[in-house]
Amino acid sequence: QVQLVESGGGLVQPGGSLRLSCAASGFIFGNYGMSWYRQGTGKERELVAHISSTGGSTTYGKSVKGRFTISRDNVKHTLGLRMNDLKPEDTAVYFCAKSTRWFGYQDYDAWGQGTQVTVSL
């Protein structure tokens, strides 16, 4: 069965950085696009970033563009998210998700359990 396991979340001060990882198994990782989503308490789920199967194309949400970088390693079957210049509004549970296609952030068929990121003093 498809499994996605996020790690790397924690407490960080405003302006700090964190790197999240998602370990994937149960499918041919290199054939599918992958995304990071986040959901803050009482807020709607929003797309953070998407990366195509080969890593050749990326898409970022407006609120994180220029600060976050999505990456993938198709040998290690991992998805990464480097987060710089973190702001309190970045506080949320971050999820990785598997697209149903090589590229696309409309349809997903697997989600991880999420990792908490808290940006605060």
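Each value, and the rule that gives it
- Residues numbered from 1 in each chain as written.
- Predicted model: local features only at pLDDT ≥ 70, side-chain atom pairs only at ≥ 80, totals over all residues.
- Heavy atoms only, no water.
- Helix = DSSP H or I, 4+ residues; strand = E, 2+ residues; numbered from the N terminus.
- Buried < 20%, exposed > 50% of the residue type's maximum accessible area, 1.4 Å probe, protein only.
- Contact = heavy atoms within 4.5 Å.
- Areas by Shrake-Rupley, 256 points an atom, 1.4 Å probe, with all protein chains shown as cover.
- Lys, Arg positive; Asp, Glu negative; His and termini not counted.
- Charge placed at Lys NZ, Arg CZ, Asp CG, Glu CD.
- Salt bridge = Lys/Arg side-chain N within 4 Å of Asp/Glu carboxyl O.
- Disulfide = S-S within 2.5 Å.
- Pairing = 2+ DSSP bridges.
- Axes fitted to C-alpha atoms, helices over the stretch in contact; angles between N-to-C directions.

J.: Where do I start with the overall build of the chain in this structure?
T.: On a plain count of helices and strands, the chain comes out with 0 helices and 11 strands. Mapped from its N terminus to its C terminus, the chain presents α and β elements in the order β-β-β-β-β-β-β-β-β-β-β. Projected onto its principal axes, the C-alpha positions of the chain cover 40 × 25 × 25 Å. Counting all 121 residues of the chain, 42% fall into the buried class. Partitioning the contacts of the chain with sequence separation of at least 6, the portion at a separation of at least 24 is 56%. When the accessible surface of the chain is totalled, it reaches about 6400 Å², and 48% of it is carbon and sulfur. Placing the 13 positive and 9 negative side-chain charges of the chain at their respective mean positions leaves the two points 5 Å apart.

J.: For this particular structure, what's the right way to read unusual backbone geometry?
T.: Across residues other than glycine, the phi torsion is negative in most instances, and most of the peptide bonds are trans. Of note, the phi angle at H77 is positive, near 60 degrees, even though the residue is not glycine. Looking at where H77 falls in the secondary structure, it is placed in the loop between strand 7 (68-73) and strand 8 (78-83). Under the relative-accessibility criterion, H77 is labelled partly exposed at 29%.

J.: What should I look at first to understand the pattern of salt bridges in this one?
T.: As a working rule, side chains carrying opposite charge can pair if their charged atoms are close by. For the structure shown, the criterion picks out 5 salt bridges. Residues D90 and R38 are paired through a salt bridge, measuring 2.8 Å at the closest nitrogen-oxygen approach. Placement of the pair is D90 in the loop between strand 8 and strand 9 (92-99) and R38 in strand 4 (residues 34-39), with a sequence separation of 52 residues. For the pair D90 and R38, one class covers both residues: buried. Note that D90 and R67 form a salt bridge whose closest N and O atoms lie 2.8 Å from each other.

J.: I'm lost on the environment of L79 in this one. Help?
T.: Here L79 lies in strand 8. As a C-alpha pair, L79 and G104 span 25 residues in sequence and 16 Å in three-dimensional space.

J.: Any chance you could explain the state of the cysteines here in plain terms?
T.: Here, disulfide denotes a covalent bond that connects the sulfur atoms of two cysteines. Summed over all chains, the structure comprises 1 disulfide. Covalently, C22 is tied to C96 through a disulfide, its sulfur atoms 2.0 Å apart. For the disulfide bridge between C22 and C96, the dihedral angle about the S-S bond is near 45 degrees, and by the sign convention the bridge is right-handed. With C22 in strand 3 (residues 18-25) and C96 in strand 9, this residue pair connects regions lying 74 residues apart in the sequence. Pair check on accessibility: C22 and C96 agree, each one buried.

J.: Got a minute to help me understand the sheet that holds strand 3 in this structure?
T.: Working definition: the strands of a sheet are paired by backbone hydrogen bonds and lie parallel or antiparallel to each other. On the basis of which strands lie adjacent, the open sheet formed by 4 strands has the order 1-3-8-7 and antiparallel pairing. Each having just a single partner strand, strand 1 (3-7) and strand 7 make up the two edges of the open sheet. Neighbour-to-neighbour, the strand axes of this sheet turn through a mean angle of 15 degrees, independent of strand direction. Pairing of strand 3 with strand 8, which is carried by 6 bridges, proceeds in the antiparallel orientation.

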